[in-house]
Amino acid sequence: MTFAVDVTGLNKSFGDKHVVQDLAVQVGAGKITGFLGPNGSGKTTTLRMLCGLLTPDSGEGEVLGLDFRKAAGQIKLQTGYMTQRFSLYEDLSIEENLTFVARVYGLPDRGRLVTQTLERLGLENRRRQLAGSLSGGWKQRLALAAAIMHSPRLLLLDEPTAGVDPKARREFWDEIHALAAEGMTVMVSTHYMDEAERCHDIAYIAYGRLIARGTGREVIEGSGLITFRAEGPGADRLSRQLAGAPGVAMAAPFGAALHVSGTERAALEAAIAPFRRPPFHWDEVEPTLEDVFIHLMGQSRDNFE
Amino acid sequence: MSAARIFAVMVKEFTQLTRDRLTYALILVMPIVQLLLFGYAINNDPHHLPTAVLIQDDSAFARSTLGAIAHTDYFDIVETARTPAELTQAMARGRVQFTITIPGDFTRRVVRGDRAQILVEADASDPSATGAAVAALAGLPQEALKRDLLGAVAPARAAAPPFEVVVHRRYNPEAIAAYNIVPGLLGVILSMTLVMMTALGVTREYERGTMESLLATPVKPIEVMIGKLAPYVLVGLIQTVVILALARVLFDVPMAGGWGVLSVGTMLFIVGSLALGFLLSTVARTQLQAMQMSVFYILPSILLSGFMFPFRGMPDWAQWIGTIIPVTHFLRVVRGALLKGLGFADLWQSLGALSLFVVVVVSLAMARYRTTLD
Ligand SMILES: Nc1ncnc2c1ncn2[C@@H]1O[C@H](COP(=O)(O)OP(=O)(O)OP(=O)(O)O)[C@@H](O)[C@H]1O
Ligand SMILES: [Mg+2]
């Protein structure tokens, strides 16, 4: 597999806070890679280093086949970056924002390109509206449109769907998949599990370190996690009794059901044995990505301290 | 460097400028308000200034002369001193703005036509207060003794004035005519608005988060700078025209010429001030800090540039600081050109200083401008 991003030994400190530690980032060309991790784990910092907005303390490798530390200028030309916080000009209209981007990248046939983009967004009637007056979902769509206007080969999206309603999120992801199908490489950070599942690959970081990577299935299998699911009236309330029991890494309610996970089968089964009776109904299930991530989060904290 | 990218930034800045009504108002209204405020406040023509007299020659001539002086309305005789020491004290303590001494041989010399003098001392530490009054003394000798010089002493009335008024300016030898203030205001108002405009312009991008997008594009620092400054150059030029027009219409400021040197000097000063604002914004993290830094720059520009106080009246150290302040050199250009009609040959040093200012500030700004968010 060829990588659009292949960087190793990435480090970044702010003062004495070591925010990204020996991170290796690999993003398959033409793939959508989900970038996950708890708040403050260094996702934004990593994305910024990849597109030349932050200078790494150390690290080497290639982005789009170019030395990512020396060729930041050329990389910028072929990279689209959508920031976590809306960063287009709120006091410019939608059209003016797009025109600005088109000019800065020196795109040919600017007028037609802007009109096309507006039409694709369904915003041609509101082209004169100030960007700042758009709702959150529309802002995100506008930001995405601006980030892909210059047809970048690599697209870095930092929590692009935070605070966006489910329908708009669905459309957003359809668009990302369409772009990937055309050959664009996408790296997208997110906190949503359903979005993680839509990615071809996943990289999970915590405290600035890479904890797990691979396809969703590989990550789940690699975790070695075993999960039982209890159903029945009041099953969700068992979590309090089970949490912290020997062998139980985690007990979390899922609606009215309960997921209990651990890495050692014998100990886990012993822990749930007292509750394996009616009205509860137990099944061994495949752990979800969320089970795995919450588990990884707990584990990495243990390692970290 | 790409002209297209500079143009992109320029159009964007210009559009934002027109969206920001408050700034718009600030740009146009502030110079006018300040000009009226300072122009009238400082440029007024005070009358009835407290005056002490020392009369060493108690004669009809002396009384007539004093009467004529009081008649100008500029001088109110509030004290009569008995000794020169008393007179000096009256001014040192600030009780009077002027002292007038009529020497003991006044009458004798007038009669003989032997260069009689009266001595007027002015507290020129506030030069705008004394200027007009001193000017009013000019015609005095011809008029004051007209009615006294008759008959036997009539020959003394002939061609030359019967006496002269010797004016000493104390505490500040450089006399500044009141209209000096208005051209000076041009420098101060341009500094105030332009430095602040650009200083806020860049920090605003950081504060609103738009810098992150901007830096992710291929636009280069010099392109950002030129693009951001260009619309404000226009703003500066508009302000200049407004101020000069008002100076002419409202304050009758003489415009002796020197338009060429004035244009070059103004352009250099506008670009330098804008670049300085840009430089400040590369240091400041927030708009508030940028604002404070601008004020920190503007205060000495007002106080030490020769705008507020005559440059040569300041102590050496203050003159030294004043010399490194760009407004000082700009004021020399504006006053030299407008009031004295000087040209390039006379003002090249000031223009050189302004050019140096532009080069240094632009280089520093480029060196400091961060292309990353570190
Ligand atoms: N410019 C900076 N100066 C100092 N500390 C910073 C800076 N930027 C980020 N940090 C710190 O680095 C850590 C990682 O931040 P980062 O924004 O990369 O996390 P993140 O994974 O994107 O978090 P989130 O999911 O909340 O967006 C945080 O503790 C943050 O406080
Ligand atoms: Mg983040």
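Residues numbered from 1 in each chain as written. Chains lettered and ligands numbered in written order. Predicted model: local features only at pLDDT ≥ 70, side-chain atom pairs only at ≥ 80, totals over all residues. Heavy atoms only, no water.

Participant: Looking at this structure, how should I read the overall build of chain A?
Facilitator: The helix and strand tally for chain A stands at 11 helices and 14 strands. With the C-alpha coordinates aligned to their principal axes, the bounding extent of chain A is approximately 70 × 45 × 35 Å. In chain A, once contacts between residues fewer than 6 apart in sequence are set aside, the share between residues at least 24 apart is 69%. Of the accessible surface of chain A, which amounts to about 13,600 Å², a share of 49% is contributed by carbon and sulfur atoms. A gap of 4 Å separates the mean positions of the 33 positive and 38 negative side-chain charges of chain A. (Helix = DSSP H or I, 4+ residues; strand = E, 2+ residues; numbered from the N terminus. Contact = heavy atoms within 4.5 Å. Areas by Shrake-Rupley, 256 points an atom, 1.4 Å probe, with all protein chains shown as cover. Lys, Arg positive; Asp, Glu negative; His and termini not counted. Charge placed at Lys NZ, Arg CZ, Asp CG, Glu CD.)

Participant: For this particular structure, what's the right way to read the site of ligand 1?
Facilitator: All names here are of chain A. Contacts to ligand 1 come from 14 residues, most closely from N39, G40, K43, T44 and T45. Between G40 and ligand 1, the recorded distance is 2.8 Å, taken from a backbone N or O atom to an oxygen atom. Within the side chain of T45, one N or O atom sits 2.5 Å away from an oxygen atom of ligand 1. Protein contact buries 67% of the 630 Å² of open area that ligand 1 shows by itself. (Near = heavy atom within 4 Å. Polar contact = N/O pair within 3.5 Å; in protein donor to acceptor, adjacent residues only side chain to side chain.)

Participant: Whenever I open this one, the side chain of T203 of chain B confuses me. Can you help?
Facilitator: All names here are of chain B. Its location among the elements puts T203 in helix α8 (residues 181-208). T203 sits in the buried class, given a relative accessible area of 0%. A polar contact of 2.8 Å, which involves the side chain of T203, links it to the backbone oxygen of A199. Within the structure, T203 has its side chain in polar contact with the backbone oxygen of L200 (distance 3.2 Å). Sequence-distant contacts of T203, that is, excluding residues within four places in its chain, are made with S281, A284, R285, T286, Q287 and A290. (Buried < 20%, exposed > 50% of the residue type's maximum accessible area, 1.4 Å probe, protein only.)

Participant: Got a minute to help me understand the coordination of the magnesium ion (ligand 2) in this structure?
Facilitator: By definition of the ideal shapes, a tetrahedral metal site with four donors has angles of 109.5 degrees and an octahedral site with six donors has angles of 90 or 180 degrees. All names here are of chain A. Within the protein, the magnesium ion (ligand 2) binds to T44 (OG1) and Q84 (OE1); these donor distances fall in the range 1.9 to 2.2 Å. With T44 in helix α1 (residues 43-50) and Q84 in the loop between β6 (79-82) and α3 (94-104), the pair connects residues that are 40 residues apart, well separated along the chain. For T44, a relative accessible area of 19% gives the class buried. (Donors = N, O, S within 2.8 Å, 3.2 Å for Na, K, Ca; no water.)

Participant: Is there a simple way to explain the interface of chain A and chain B in this structure?
Facilitator: For an interface, size is often stated in terms of accessible area lost upon the parts coming together. Counting residues at the interface gives 24 residues for chain A and 27 residues for chain B. For the pair chain A and chain B, the number of links is four salt bridges. In this structure, K12 of chain A engages D374 of chain B in a salt bridge whose closest nitrogen and oxygen atoms are separated by 2.4 Å. Mapped onto the side of chain A that touches chain B, the elements with two or more residues apiece are α2 (72-77) and α3 of chain A. Broken down by element, the side of chain A that touches chain B gets its largest block of residues, four residues, from α3 of chain A. (Salt bridge = Lys/Arg side-chain N within 4 Å of Asp/Glu carboxyl O.)

Participant: Could you clarify how one ought to interpret the sheet that holds strand β5 (residues 66-67) of chain A in this entry?
Facilitator: Backbone hydrogen bonds are what pair the strands of a sheet, in a parallel or an antiparallel way. Residues and elements named next belong to chain A. The strand order across the open sheet built from four strands is β2-β1-β4-β5, with neighbouring strands paired in antiparallel fashion. In this open sheet, the two strands that pair with only one neighbour each are β2 (17-28) and β5. As defined by bridge partners, strand β1 (residues 3-14) adjoins strand β4 (residues 58-63) across five bridges and the pair is classed as antiparallel. Its bridge partner being in β4, V5 is matched across the sheet by V63. The strands touched by α1 are β1, β2 and β4; relative to β1, the strand with the most contacts, the crossing angle is about 120 degrees. (Pairing = 2+ DSSP bridges. Axes fitted to C-alpha atoms, helices over the stretch in contact; angles between N-to-C directions.)

Participant: Looking at this structure, how should I read the domain arrangement of chain B?
Facilitator: Segmentation of chain B into domains returns domain 1 (49-170) and domain 2 (177-373). Placing the centre of domain 1 of chain B and that of domain 2 of chain B at their C-alpha centroids yields a distance of 45 Å. (Domains from an automatic or database assignment.)

Participant: Teacher, can you tell me more about the sheet that holds strand β8 (residues 185-189) of chain A here?
Facilitator: Residue and element names in this part refer to chain A. Sheet architecture is open: six strands sit in the order β6-β7-β8-β3-β9-β10, paired in mixed fashion. Either end of the sheet is taken by a strand with one partner, and the two such strands are β6 and β10 (209-214). Taking the axes of each pair of neighbouring strands and ignoring which way they run, one obtains an average angle of 15 degrees across the sheet. Across four bridges, strand β3 (residues 32-36) lies against β8 in parallel orientation. Bridge assignment links G34 to a residue of β8, and that residue is V188. Each of β9 (201-206) and β10 touches helix α8 (residues 216-223); the most contacted strand, β10, lies at about 120 degrees to it.

Participant: Whenever I open this one, the confidence of the model for chain B confuses me. Can you help?
Facilitator: Caution applies to low-pLDDT parts of the model: their predicted coordinates are not meant to be read in detail. Residues and elements named next belong to chain B. In the predicted model, chain B carries a mean pLDDT of 83, and 89% of its residues have values of at least 70. Helix α6 (residues 127-136) is the least confidently modelled element of chain B, averaging 71 in pLDDT, while helix α11 (residues 259-283) averages 94, the highest of any element. Here residues 172-178 is a poorly scored stretch, pLDDT under 50, and it has 14 contacts once near neighbours within four places are set aside; other chains count. Across the whole predicted complex the pTM is 0.78, and at the interface the ipTM reaches 0.86. (pLDDT = per-residue confidence, 0-100.)

Participant: Quick question: what am I supposed to make of the domain arrangement of chain A here?
Facilitator: Domains assigned within chain A are domain 1 (30-53 + 71-219) and domain 2 (226-286). Between the C-alpha centres of domain 1 of chain A and domain 2 of chain A the distance comes to 39 Å.

Participant: Would you mind going over unusual backbone geometry with me for this structure?
Facilitator: Peptide bonds are trans in most cases, and residues, glycine excluded, mostly fall at negative phi. In the Ramachandran plot, Y207 of chain A falls in the positive-phi region, its phi being about 50 degrees despite a non-glycine side chain. Inspection of the secondary structure puts Y207 of chain A in the loop between β9 and β10. According to the relative accessible area criterion, Y207 of chain A is partly exposed, its value standing at 30%. Within the chain, D73 of chain B stands out as a residue other than glycine whose phi angle is a positive 75 degrees. With respect to the secondary-structure elements, D73 of chain B resides in the loop between α3 (60-71) and β2 (75-81). Looking at D73 of chain B, the relative accessible area reads 38%, which means it is partly exposed.

Participant: What is the right way to look at the packing of helix α4 (residues 110-121) of chain A against helix α5 (residues 136-148) of chain A in this model?
Facilitator: Each pair of packed helices can be described by the angle between their axes along with the distance between the axes. All names here are of chain A. The N-to-C vectors of α4 and α5 enclose an angle of 145 degrees; their axes lie 11 Å apart at closest approach. Considering the relative orientation of α4 and α5, their crossing is right-handed. Taken together, the residues of α5 that come into contact with α4 (itself represented by T117, R120 and L121) are W138, R141, L142, A145 and I148. Across the contact of α4 with α5, the residue classes tally to five nonpolar, one polar and two charged. (Left-handed = near helix turned anticlockwise from the far one by under 90°. Nonpolar A, V, L, I, M, F, W, Y, C, P; charged D, E, K, R; others polar.)

Participant: Help me out: how do you make sense of the side chain of S281 of chain B in this one?
Facilitator: Inspection of the secondary structure puts S281 of chain B in helix α11. Residues in contact with S281 of chain B, not counting those within four places in the same chain, are T198, A199, V202 and T203 of chain B.

Participant: Just to check I follow, could you spell out the pattern of salt bridges for this structure?
Facilitator: Side-chain pairing between opposite charges can occur once the charged atoms of the two side chains come close. A complete count under the given rule lists 26 salt bridges over all chains for this structure. Here R112 of chain A ties to D109 of chain A by a salt bridge, and the two come within 2.7 Å at their closest N and O atoms. A salt bridge links E221 of chain A to R217 of chain A, with the shortest nitrogen-to-oxygen separation between them at 3.2 Å. Here E221 of chain A pairs with R217 of chain A, and both are found in helix α8, just four residues apart, close to one helical turn. One network of salt bridges, with partners in common, ties together K12, E13, E205 and K228 of chain B.

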